[in-house]
Amino acid sequence: MTITPFGSLRTHGAGTLRAEHVGDTVTIAGWVDTRRDHGGVAFLDLRDRSGLVQVVADPEAGDALEAAHRVRSEWVVRVTGTVRARPEGMVNDRIDTGDVEVAATSIEVLSEAETPPFPVEDGIEVSEELRLKHRYVDLRRPKMAAILQLRSRATSVIRQVMDRHGFLDVETPILTRATPEGARDFLVPSRLQPGESYALPQSPQLFKQLLMVAGVERYYQIARCFRDENLRADRQPEFTQLDVELSFGDQEDVIAVMEELLAEVWREAIGVEVATPFTRLTYAEALARFGSDKPDLRIERMELATLNDVFADTEVGVFKGVLGDGGSVIALALPSGGDMTRKQFDDLVEWAKRRGAKGLAWGVVEDDGSLRSPLSKFMSEDEIAGVIATTDASAGDAIFFGAGETTFARELIGALRNHLAAERGLIGEGFRFCWIVDAPMFEPVEDRGEAVGSTAWTPVHHPFTAPTPEWMDRFEDSPGEALSNAYDVVCNGYELGGGSIRIHDREVQARVFRFLGISDEDAEERFGFLLRGLAHGAPPHGGIALGLDRLVMLLADATNIRDVISFPKTQTGGCPLTDAPAPYEEIALKELGLRLAPKPVKG
Ligand code: ASP
C-alpha cells in the first residue's frame, strides 16, 4: 500500500502547486475561499491546509463552469484540471502559488456549507465568543491554522530532544488524588465508591517522583494539568506542560537539557537562534535588580537602585518614616524621561496608587546636576548626588522613587520598569531567557493566599522541593531565609517553567510536612503513597515542567493564550462551542450521590 501525502481523493495540495507543475493534470480538494463569478468565466480560490490556489472555470469548462456558478464560500469541492501559467500581469506575488492557476475540467461538490459566521480571514473584527462557538471555522483562518502547525512542530522537536537524551514518555493518571501546586482541585465524584471523589491532577508531580523510585530514571510527558483558579489572560483551567524528571542528577543536568531543548525548539520552529547558556540570576538578585522574579531582560539598563544608604539621615519625611520602619527607598532612572509632562508624571502617580502604593515620588536630572522634583527642597546636595550616582542617571533622565516595605517597593518599581519600557518603546527585540535560581523555600501564607498546611508558611514551589544543602538541617530555624534547590526559566518577562531537586529522603519530607503544619496523620492520608515510595529506595532526583501553551504563545508572538489552544475556555471557564460546563441529567447525578446547586440568577 502506498501512503499518499494528500489522501487518495487528491493528487496535490492546493498550496503546493508551482510553475514546475505547469501542464500537469491535478486533482485538488478543499474549501472555497473566495469566488469571483464573471458569468462566462468564474474564479475560485481553493484553500486546504497547504495553502491556496486559484481555480478557473472557462467557458469551455462546461459542467465545471456550471458547478463554479453554484458553489459558495466554505463549500468543500474537488477540482480536476490542468495547471497553467497565469497570463503576464496576472501573477499574484502575495501567494506562494501566484504564478499558476488550475484550469478546471471538473468541479465536484463534496459538501455544502452554510454562510460562515464570519469571514475566514485574518484581522477580522469579530467577538471571541463567536470565534470560539464556531472554532472549526475560526481555525481555518490562516493565522490560527499557522499556530496549530507551529505548536505541532514545537512538540515534535521536544520529543526528538527528549528521545535523544534517553527520556521515556510515560503517561500518568488523570483520575487521581490531589497534588498540591497552589490551586484548587477539579473533582470527579466516584459512582463505584459513593461518598468519594477523584481529583484531576494539578500536575503529574507525585507520579513522576514515584517513576523515579520505579527506576525509570528519565521521564517526560506532554501532560494535561488542571487547576481551578480565577482565570487571567494567560491562564486556562486545563493546560499543557512538558513535564520532566531525572534521577542521579542535579540542577545542572536539568538546566543543560532544557537549554538545549529550548534552543532547538526556537531554531526549528521559528528559525531563531537563542543564546545559551542562559543568564542566571539568584532570586534575591532578580528582585533587587529588576523588582521581579520574572525579569524582562529585553529592557536594557533601567535597573532598580536601593537608596537606603543615601537617605540614611534624611530629612525627607516619607523616606525617613519608611526607613525607620525597616523598609526601603527604591529608585529607577528612565533614560530621557525628563521630556515627560507634568500630567504624565501625575498619571504615573495615579498608576502607582492603583497598585496600592501611597504615592510615587519623581524628579528630573537637570543639566547642572541638580534634581527638579517636588521633593528636592527637602534633599541635601549629597543626597541628590547620591541618588543620581546610585541610579546611574544622566542629565535629562527622570528618576522615580518608591518607598515602603522592601518587597512591596521593589515590586512596585519593578512593575513601573515594565510599564515605562512598554509605554516608551524601550523593550528590545528578540528573546531573552534567564534562570532564576536559589528561590526561598517558604513564603508567608498571607503573601500567597493559599496554604498547604496549617502554619503561617507555605512552599514557594511545592512541598516536595529540597532545600539547598546548607539549609537541609536547619530550614525550620529561619524559614524566611531558607533557600530551595529550585529553578525557574523565564523568557521576556514570562515564567516559562519551573522545577526543583526533590526531597528523596522520607525523613526530610516528613520534616517539611511537619513544619508546614501537616500532621503525620494528615500527611499519611494525603501523601502516604509518596512517603511509602520514598521508603522503598528513592534515588536522588529532580525535574522541571515547562508551560507548553505559554511557550507556543511566545513562539507565535500571540498575546492571548486561547489563541494557541485548539478548543480553549473563556475567562469564565466556559466553552462556547460545547456549552460546557452544563447542567447534568438528574439520574446520572443521583448515581453519583450529587445534587447541583441551582444556577444563580444573573442580576
Ligand atoms: N510540578 C511542578 C509544576 O507543575 C513542576 C516541577 O516541579 O517539576 O509546577
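Notes on the structure in this doc start here.

About the criteria used
Residues numbered from 1 in each chain as written. Predicted model: local features only at pLDDT ≥ 70, side-chain atom pairs only at ≥ 80, totals over all residues. Heavy atoms only, no water. Helix = DSSP H or I, 4+ residues; strand = E, 2+ residues; numbered from the N terminus. Buried < 20%, exposed > 50% of the residue type's maximum accessible area, 1.4 Å probe, protein only. Contact = heavy atoms within 4.5 Å. Core = buried A, V, L, I, M, F, W, Y, C linked by side-chain atoms within 4.5 Å. Polar contact = N/O pair within 3.5 Å; in protein donor to acceptor, adjacent residues only side chain to side chain. Pairing = 2+ DSSP bridges. Axes fitted to C-alpha atoms, helices over the stretch in contact; angles between N-to-C directions. Parallel < 35°, antiparallel > 145°, perpendicular 65-115°, else oblique. Left-handed = near helix turned anticlockwise from the far one by under 90°. Nonpolar A, V, L, I, M, F, W, Y, C, P; charged D, E, K, R; others polar.

With that settled, the discussion passes to the environment of cysteine 225. As for its placement among the helices and strands, cysteine 225 is situated in strand E9 (residues 218-226). Under the relative-accessibility criterion, cysteine 225 is labelled buried at 0%. For the pair cysteine 225 and serine 519, spaced 294 residues apart in sequence, the C-alpha separation works out to 27 Å. In this structure cysteine 225 touches Pro201, Gln202, Ser203, Pro204, Pro237, Glu238, Phe239 and Gln241, once residues within four positions along its chain are discounted.

Here we take up the nonpolar core. Grouped burial of nonpolar side chains is what soluble globular proteins tend to show. Counting 67 residues, the largest nonpolar core has Leu262, Val265 and Trp266 as the members making the most contacts within it. Ranked by the residues each element gives to this core, the list is headed by helix H6 (residues 251-270), at 10 residues.

Here the focus is the side chain of arginine 141. Note that arginine 141 resides in the loop between helix H3 (135-138) and helix H4 (142-164). Looking at arginine 141, the relative accessible area reads 6%, which means it is buried. Reaching out from arginine 141, the side chain makes a polar contact with the backbone oxygen of glutamate 121 at a distance of 3.1 Å. Setting aside residues no more than four positions away along its own chain, arginine 141 makes contact with Phe118, Pro119, Val120, Glu121, Asp122, Gly123, Ile124 and Arg131.

Here the focus is unusual backbone geometry. Here the amide bond leading from threonine 276 into proline 277 is cis, since omega sits at -10°, within 30 degrees of zero. For proline 277, the position within the fold is in the loop between H6 and strand E11 (279-282). Non-glycine residue aspartate 392 carries a positive phi angle of around 60°. The topology assignment puts aspartate 392 in the loop between helix H10 (381-391) and strand E16 (398-404). Residues other than glycine seldom take positive phi values, yet asparagine 492 does so here, at roughly 50°. Note that asparagine 492 resides in the loop between strand E20 (486-491) and strand E21 (494-501). Since its relative accessible area comes to 7%, asparagine 492 is described here as buried.

Our next topic: the sheet that holds E20. With respect to topology, eight strands assemble into an open sheet ordered E6-E9-E10-E22-E21-E20-E17-E11, the strand pairing being mixed. Looking along the sheet, the strands with just one partner apiece sit at the ends: strand E6 (168-169) and E11. Of the pairings in the sheet, the one linking strand E17 (residues 433-437) to E20 comprises five bridges and is antiparallel in character. Bridging from a neighbouring strand, phenylalanine 433 pairs with cysteine 491 of E20.

Quick look at the sheet that holds strand E4 (residues 76-85) now. The strands making up a sheet associate through hydrogen bonds between their backbones, and the pairing can be parallel or antiparallel. Sheet architecture is closed into a barrel: five strands sit in the order E1-E2-E3-E5-E4, paired in mixed fashion. Averaged over all adjacent pairs, the angle separating strand axes in this sheet is 55°, with direction ignored. Both strand E3 (residues 51-57) and strand E5 (residues 100-111) contribute to a ladder of two bridges, which runs parallel. In the sheet register, valine 55 faces E5, and the bridge partner there is valine 102. On top of the sheet, helix H1 (residues 63-70) reaches strand E1 (25-37), strand E2 (42-48), E3 and E5; it is set at about 65° to E5, its chief contact.

Once that is clear, we can look at the packing of H4 against helix H15 (residues 548-556). When two helices pack together, you describe them by how their axes are tilted relative to each other and by the distance separating the axes. Where H4 meets H15, the closest approach of the two axes is 10 Å, and the angle between their N-to-C directions is 120°. Viewed along their axes, H4 and H15 adopt a mutual orientation that is oblique. Relative to H15, the crossing made by H4 is right-handed. Here H4 contributes Ile147, Leu150, Arg151, Ala154, Thr155 and Ile158 to the contact with H15, which in turn contributes Leu548, Asp549, Val552, Leu555 and Ala556. Of the residues assigned to the contact of H4 with H15, the class counts are eight nonpolar, one polar and two charged.

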